[in-house]
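The lines below spell out each chain.
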Amino acid sequence: MENFAITPKGLRMMLAGLIVMIAGYVLMTGGGSDDPQVFNYAMFDFRRLVAAPIVIIAGIVIVIVSIVNVFPKKNGENR
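Residues numbered from 1 in each chain as written. Predicted model: local features only at pLDDT ≥ 70, side-chain atom pairs only at ≥ 80, totals over all residues. Heavy atoms only, no water.

Counted according to the given criterion, the structure contains 1 salt bridge. Across the pair Asp-45 and Arg-48 runs a salt bridge, and its minimum N-O distance is 3.0 Å. Arg-48 gets classed as buried once you look at its relative accessible area, which sits at 11%. (Salt bridge = Lys/Arg side-chain N within 4 Å of Asp/Glu carboxyl O. Buried < 20%, exposed > 50% of the residue type's maximum accessible area, 1.4 Å probe, protein only.)

With that settled, consider helix α1 (residues 8-28). Along an α-helix, a turn takes 3.6 residues, which lines up residues three or four apart on a common side. Between its first and last C-alpha, α1 extends 31 Å over 21 residues, near the 30 Å set by a 1.5 Å rise per residue. Considered for burial, the residues of α1 that qualify are Gly-10, Met-14, Gly-17, Met-21 and Gly-24. Down the axis of α1, the buried side of the element spans an arc of 75 degrees, and every buried residue falls inside it. Among the exposed residues of α1, those pointing more than 90 degrees away from its buried face are Arg-12, Ile-19, Ile-22 and Val-26. Buried-residue contacts for α1 involve α2 (46-68). (Helix = DSSP H or I, 4+ residues; strand = E, 2+ residues; numbered from the N terminus. Expected span 1.5 Å × (residues − 1). Arc of directions from axis to C-beta. Contact = heavy atoms within 4.5 Å.)

In structure tokens form, the structure reads like this:
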């Protein structure tokens, strides 16, 4: 595993970021209407317009940090 560009800690952090992004997309779902003639104001609530994009951006930042950040090796590991 010494030839990989990303450390195991970085990989775990990247997977956590992907899970956070998926949670943001799940927050964004719903709010549709069964009848196209009826307008549904639930489409424009706080969860879909503010919370979900913030969660998605947080997930993107976590993934970027996991890729760019070089985590220090433990004492027994060689580089």
